[in-house]
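Below, each chain spelled out in residue letters.
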Amino acid sequence: MAFEKVGVVGLGTMGAGIAEVFARAGIRVIGVEADPEALARGRGHLERSTGRALDKGRLSADERAAILGRITLTTAREDLADADLVVEAIPEILEYKIALFADLDRICKPDTVLATNTSSLSVTAVAAATGRPGRVIGMHFFNPAPVMKLVEVIGTVMTDDGLPERIADLSRALGKTPVVVGDRAGFVVNRLLLPYRNQAAVLLERGVAARDDIDTAMRKGVGLPMGPFALLDLIGLDTSYEVMGVLFDETRSSRHAPAPVLRELVTAGLLGRKSGRGFHGDEPVTGEPGKASATRVLVRGEGAEELAARLAAAGFGESDTPDVVLRLGERPVIEHAVRHADPSRVVGIHLVGQGVAEVVSTVLTAPAATTAAVGLMTVLGLAPVPCGDRAGFVVEALLFPYLNDAVRMHESGYASIADIDNAMRLGCGYPAGPFEMIESIGPRQVRDGLRALYAEYREPSYAPAPLLDQLVTAGLQTFPRA
């Protein structure tokens, strides 16, 4: 069927962006808000967004006028009576969405498709509230909708045959890349992204590493556009807490149990940028690293020669009576520290990517030794990430379970490797999808890292997915793709 007239209910930042996307594709749009004040705000979102595109040369004045001219704004839901498709973009509260869809079912013509932009709520529950469950579908855009290329298309057990594919075709006509999946909490992106961010909060609570150091590790060590705490504050801690609750209600997995610190911050009204304070407040996000305080260094472990040479070139030569002993590539660090004559001087160093050095202190490490190691890594131009001597340290403790979740998602038949990789690259701006990351790191390293995490934390979700284990056993470096 042709979608010649589309309704958008809710013109906040997301809804206005969705309306703009349809209008840019030459489709007539009816934008609906609850009252004149909200409608005025929605008009403002549209004018500012298209105005920015005009200023940057991405739209001409005539193109901008044509886009805005295709959008009719109203406070009357009845104006949606002859729409071919209605997309809902109201707040993520299931009761509100169910009530809206029941009303749209009454107003719209029988063959109108009703779509929800929910990021995690049950599309099935929304569809069941209507008399047309076969014509209700999820169409999850990403913010900002005019820019982000991903659309998750979510069908239910009641969805009419062929409708997900037609909505996917429409998404392509809008210039988007669709990923068609079933109705599971969080779909692809949030089901993978939220537990990773939640786990960062757990590491912070456990004292494994500090907030800014965790953010630095994931940005500079993995190449993610934002660290987990910066992203939590941007999206809103309340939103993340609610979505984690939805995931936990469906899976009952401790992997999806919201971190207690999230509950505490949300209860206190510290919701992130929207409230002015969350994990971050008004203080600077990072401080200036100090200078190296050690002059005598001893480097041991895998890669020791190369690091020792870099330190020597910077003026820090090796000594048999060192101020600090750097242990590379071996963990747990404590097992090597206790064999040294002075374990208080032993600090673990784990190099991640091209720019991060995890600086690992044991229970025996003297604060002065940690400070010295941080300074030495700074002199080498690396971003030091002080952390405790725990399995995975910071980067692998966050990254590997996320990668494992992706393998389990594919293994369950929920989504293809290509769709999962596309979803995380296009929906989150990640440099690579999870399967691309596993193949780049090496399946064996990821598998063995997960085994170490499982052995330490006894968390069932850390046990390597059978498909990953089989890949390593078979000696393969890449996943089979259909």
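Residues numbered from 1 in each chain as written. Predicted model: local features only at pLDDT ≥ 70, side-chain atom pairs only at ≥ 80, totals over all residues. Heavy atoms only, no water.

Chemist: Give me the lowdown on the packing of helix H16 (residues 417-428) against helix H17 (residues 434-441), citing residues and values where you can.
Modeler: Following both chains from N to C, one finds H16 and H17 inclined at 100°, their axes separated by 7 Å at the closest point. On the basis of the axis angle, H16 is roughly perpendicular to H17. Judged by residue contacts, Ile-417, Ile-420, Asp-421, Met-424 and Arg-425 of H16 engage Pro-434, Phe-435 and Glu-436 from H17. Classifying every residue of the contact of H16 with H17 gives 5 nonpolar, no polar and 3 charged. (Axes fitted to C-alpha atoms, helices over the stretch in contact; angles between N-to-C directions. Helix = DSSP H or I, 4+ residues; strand = E, 2+ residues; numbered from the N terminus. Parallel < 35°, antiparallel > 145°, perpendicular 65-115°, else oblique. Contact = heavy atoms within 4.5 Å. Nonpolar A, V, L, I, M, F, W, Y, C, P; charged D, E, K, R; others polar.)

Chemist: Just give me the short version of unusual backbone geometry, but keep the residues and values in it.
Modeler: Look at the link from Asn-143 to Pro-144: it is a cis peptide, with omega at 0°. The backbone of Phe-187 shows a phi angle near 55°, a positive value even though the residue is not glycine. By the element assignment, Phe-187 lies in the loop between strand E8 (177-181) and helix H7 (189-206). Here the phi dihedral of Arg-458 falls at roughly 55°; this positive angle occurs in a residue that is not glycine. Residue classification places Arg-458 among the exposed residues on the basis of a relative accessible area of 60%. (Buried < 20%, exposed > 50% of the residue type's maximum accessible area, 1.4 Å probe, protein only.)

Chemist: Describe the sheet that holds strand E11 (residues 346-352), naming the residues involved and giving the relevant values.
Modeler: Strands sit in the order E9-E10-E11-E12-E13 across an open sheet of 5 strands; the sheet is mixed. Edge positions in the sheet fall to strand E9 (297-301) and strand E13 (383-388), since each has one partner strand and no second. The mean angle between the axes of side-by-side strands here comes to 30°, regardless of whether they run parallel or antiparallel. Both strand E12 (residues 356-361) and E13 contribute to a ladder of 6 bridges, which runs parallel. Note that in E13 the partner of Val-359 across the bridge is Pro-386. Where helix H12 (residues 304-313) meets the sheet, its contacts fall on E9 and strand E10 (324-328), and the angle it forms with E9 comes to roughly 160°. In the packing of helix H14 (residues 367-379) onto the sheet, the strands contacted are E9, E10, E11, E12 and E13, and the crossing angle to E10 comes to about 65°. (Pairing = 2+ DSSP bridges.)

Chemist: Give me the packing of aromatic side chains: which residues, what numbers.
Modeler: The relative placement of two aromatic rings is captured by the distance of their centres and the angle of their planes. Evaluation of the coordinates by the stated rule reveals 6 aromatic pairs. Pairing Phe-22 with Phe-141 gives two aromatic rings, centres 6.2 Å apart and planes at 65°, and the pair type is edge-to-face. Here the residue Phe-22 occupies a position in helix H1 (residues 13-24), and Phe-141 occupies one in strand E6 (residues 136-141), the gap between them amounting to 119 residues. With relative accessibility at 0%, the residue Phe-22 sits in the buried group. On the accessibility criterion, Phe-141 (1% relative accessible area) is buried. Taking 6.0 Å as the distance between ring centres and 75° as the angle between the ring planes, the aromatic pair formed by Tyr-402 and Tyr-430 counts as edge-to-face. Here Tyr-430 lies in the loop between H16 and H17 and Tyr-402 lies in helix H15 (residues 395-411), a separation of 28 residues in the sequence. As far as burial versus exposure is concerned, Tyr-402 and Tyr-430 are alike and both buried. (Phe/Tyr/Trp six-rings, centres within 6.5 Å; stacked < 30°, edge-to-face > 60°.)

Chemist: Which residues make up the pairing of strand E5 (residues 113-116), and what values go with them?
Modeler: Of the two faces of E5, the one carrying Val-113 and Ala-115 and the one carrying Leu-114 and Thr-116 are both buried. Summarising the sheet, E5 and E6 pair through 3 bridges and their orientation is parallel. From the neighbouring strand, Ala-115 faces E6, where its bridge partner is Ile-137. Crossover handedness for the path E5 to helix H5 (residues 123-128) to E6: right-handed. (Right-handed = clockwise from strand over helix to strand, strands pointing away.)

Just distances and angles here, no functional claims.
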